[in-house]
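Each chain, written out:
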Amino acid sequence: MSNPDLNQLVTLDVLLAEGNVTRAAQRLHLSPSAMSRALARLRETLGDPLLVRAGRGLVPTPRALQLRAQVSQLVQDAQAVLRPAELLDLSQLVRTFTLRVSDGFTENFGPDLIKRVNQQAPGVRLRFVPKLDKHSTALRDGSVDLETGVVGDDTGPEVRTRVLFHDRFVGVVRQGHVLCQGEITTARYAAGQHVLVSRRGLDKGLMDEALSALGLERVIGAYVGGFSAALAITRATDLITTVPERHTGKLRAGLFSFALPMPAPEITVSMLWHPRMDGDAAHRWLRGGVLDVCGESSPIL
């Protein structure tokens, strides 16, 4: 069976609405003879005369009456699909966005982002889910609308990215810790017990590599999977933790933070989304909000 000619729907809609070949031809900018041929093709396609002679005019058949409302709605829906997107009315927007975020993002940036969303679009809800890996499957299948984190080799090549901020690592201890007084040298930093943050369960991290280049080695007292857990341990013990400064600003409240005494690599935190969301007005608004909330200057220690 051959595929139907969907252009016939427009012709059928106008014919059923006008009930007159001449007027239908005028609306579609066709000649009466061309419209008569179109009506003949529709009769053959549908197996029904659709419009039949009654005196000097035409009247619709029961089949035509049955189709009239359905065809009209189909044409309206098709026109809506092909029409350019309307301006976004945030006050009327009702939608839930799922954000897959790296550890610490929700605690540090979530409150300001939620406040901004509630002020501009009270019908929008944000769902924060943890980012346990860097694979782009969730963006591809649509279960996640937006991600934040460091772009890596596992990030899909088609994924769109926008830098949110550059971050540096800082050391953190509880108030009253011995490192709160005096110069913090690499020897003093390395001599204390540390919390190692590794989402993948590794025994060493970037700080171990930086210390190793100086001939130093630190003692790890605890291994955790995220910044929040590391800072919670540091708050209640003498262990030192090393975390990204900007990403953990609010999480470090009440703790003593210090610049690292040795060179350490910086990280670049970005937001990531699938290209099919590029043209979505609501998604563009969300991306703009995340950029405004996260893209401010780094806090001062």
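Our subject is the structure that appears above.
Residues numbered from 1 in each chain as written. Predicted model: local features only at pLDDT ≥ 70, side-chain atom pairs only at ≥ 80, totals over all residues. Heavy atoms only, no water.

A.B. asks: Any details on the layout of surface pockets? Residues and values, ideally.
C.D. replies: Estimates place the volume of the largest pocket at around 1100 Å³. Those elements that place two or more of their residues in the lining of the largest pocket are helix H5 (105-120), strand S5 (146-149), strand S8 (193-197), helix H8 (206-212), strand S10 (240-244) and strand S12 (267-273). Counted by class, the lining of the largest pocket contains 16 nonpolar, 11 polar and 11 charged residues. For the lining of the second largest pocket, the leading source of residues is helix H4 (residues 62-82), giving 5 residues. A per-class count over the lining of the second largest pocket returns 9 nonpolar, 3 polar and 2 charged. (1 Å grid on protein atoms, 1.4 Å probe; cavity = no way out; pocket = protein on both sides within 12 Å on 5 of 7 lines; lining within 4 Å. Points joined across faces, edges and corners; volume = space filled by probe spheres on them. Helix = DSSP H or I, 4+ residues; strand = E, 2+ residues; numbered from the N terminus. Nonpolar A, V, L, I, M, F, W, Y, C, P; charged D, E, K, R; others polar.)

A.B. asks: Lay out the packing of H5 against helix H10 (residues 281-294) in plain terms, naming residues and giving numbers.
C.D. replies: The geometry of a pair of packed helices is captured by two quantities: the angle between their axes and the separation between those axes. Across the interface, H5 lies against H10 with an axial gap of 10 Å and an inter-helix angle of 130°. Here H10 runs oblique to H5, going by the angle between their axes. Of the two possible hands of crossing, H5 and H10 adopt the one that is right-handed. The residues of H10 that touch H5, namely those facing Phe105, Phe109, Asp112, Leu113, Arg116, Val117 and Gln120, are Trp285, Gly288, Gly289, Val290, Asp292, Val293 and Cys294. Looking at side-chain class alone, the contact of H5 with H10 contains 8 nonpolar, 3 polar and 3 charged residues. (Axes fitted to C-alpha atoms, helices over the stretch in contact; angles between N-to-C directions. Parallel < 35°, antiparallel > 145°, perpendicular 65-115°, else oblique. Left-handed = near helix turned anticlockwise from the far one by under 90°. Contact = heavy atoms within 4.5 Å.)

A.B. asks: Residue-level account of helix H1 (residues 7-18), with values.
C.D. replies: An ideal rise of 1.5 Å per residue puts 16 Å on 12 residues; H1 measures up with 18 Å between its terminal C-alpha atoms. Considered for burial, the residues of H1 that qualify are Gln8, Thr11, Leu12, Asp13, Val14, Leu15 and Leu16. Taken from the residues just after H1, glycine 19 is the one with a positive phi, measuring 60°. (Expected span 1.5 Å × (residues − 1). Buried < 20%, exposed > 50% of the residue type's maximum accessible area, 1.4 Å probe, protein only.)

A.B. asks: Describe in detail the pattern of salt bridges, supporting the description with residues and values.
C.D. replies: Under the definition given, this model contains 12 salt bridges. Residues glutamate 18 and arginine 27 are paired through a salt bridge, measuring 3.0 Å at the closest nitrogen-oxygen approach. Residue arginine 27 is classed as partly exposed on the basis of its relative accessible area, which comes to 45%. In this structure, a network of salt bridges that share partners links the residues Glu18, Arg23 and Arg27. (Salt bridge = Lys/Arg side-chain N within 4 Å of Asp/Glu carboxyl O.)

A.B. asks: With reference to specific residues and values, describe the sheet that holds strand S6 (residues 160-167).
C.D. replies: With mixed pairing, the 5 strands of this open sheet are ordered in space as S4-S3-S5-S12-S6. Edge positions in the sheet fall to strand S4 (124-130) and S6, since each of these pairs with one other strand and no more. Going from strand to strand, the sheet's axes swing by 20° on average, the running direction of each strand aside. Each of strand S3 (95-101), S4, S5 and S6 touches H5; the most contacted strand, S4, lies at about 170° to it. (Pairing = 2+ DSSP bridges.)

A.B. asks: Which residues make up the packing of aromatic side chains, and what are the values?
C.D. replies: This structure, assessed with the given rule, holds 4 aromatic pairs. Ring geometry for phenylalanine 109 and phenylalanine 165: centres 5.7 Å apart, planes at 40°, overall tilted. Remark: phenylalanine 165 occurs in strand S6 and phenylalanine 109 occurs in helix H5; sequence separation between them is 56 residues. Like phenylalanine 109, the residue phenylalanine 165 is buried in the burial classification. With centroids separated by 6.4 Å and ring planes inclined at 75°, the aromatic side chains of tyrosine 189 and phenylalanine 258 adopt a geometry described as edge-to-face. With tyrosine 189 in helix H7 (residues 186-191) and phenylalanine 258 in strand S11 (residues 256-259), this pair connects stretches of sequence that are 69 residues apart. Residue classification places tyrosine 189 among the buried positions, given a relative accessible area of 0%. Each member of the aromatic cluster is reached from another via a ring pair, and the members are Phe105, Phe109 and Phe165. Arginine 246 extends its terminal NZ or CZ atom over the ring of phenylalanine 165, reaching a point 5.2 Å from the ring centre. (Phe/Tyr/Trp six-rings, centres within 6.5 Å; stacked < 30°, edge-to-face > 60°. Lys NZ or Arg CZ within 6 Å of the ring centre and 35° of its normal.)

A.B. asks: With reference to specific residues and values, describe the nonpolar core.
C.D. replies: One broad trend across soluble globular proteins is that nonpolar side chains are buried collectively. Counting 40 residues, the largest nonpolar core has Tyr189, Trp285 and Val290 as the members making the most contacts within it. It is H10 that contributes the most residues to this core, 6 residues altogether. (Core = buried A, V, L, I, M, F, W, Y, C linked by side-chain atoms within 4.5 Å.)

A.B. asks: Give me the lowdown on the sheet that holds S10, citing residues and values where you can.
C.D. replies: A sheet is described by the order of its strands in space; here 5 strands give the open sequence S9-S8-S10-S7-S11, paired in mixed fashion. With partners counted over all chains shown, the strands left at the sheet margins are strand S9 (219-224) and S11, one partner each. With direction set aside, neighbouring strand axes in the sheet form an average angle of 35°. When S8 meets S10, the two strands line up parallel, connected through 2 bridges. Bridge pairing links histidine 194 to isoleucine 240 in S10.

A.B. asks: Run through helix H9 (residues 227-236), naming residues and quoting values.
C.D. replies: Buried within H9 are the following residues: Phe227, Ala230, Leu231 and Thr234. Around the axis of H9, the buried residues are gathered within 95° of arc, so they sit on the same side. Buried residues in H9 make contact with strand S7 (169-173), S8, S9 and S10. (Arc of directions from axis to C-beta.)

A.B. asks: I'd like a rundown of the side chain of serine 257, residues and numbers included.
C.D. replies: Turning to its location among the elements, serine 257 is positioned in strand S11. Within polar-contact distance, the side chain of serine 257 engages the side chain of arginine 252 at 2.7 Å. (Polar contact = N/O pair within 3.5 Å; in protein donor to acceptor, adjacent residues only side chain to side chain.)

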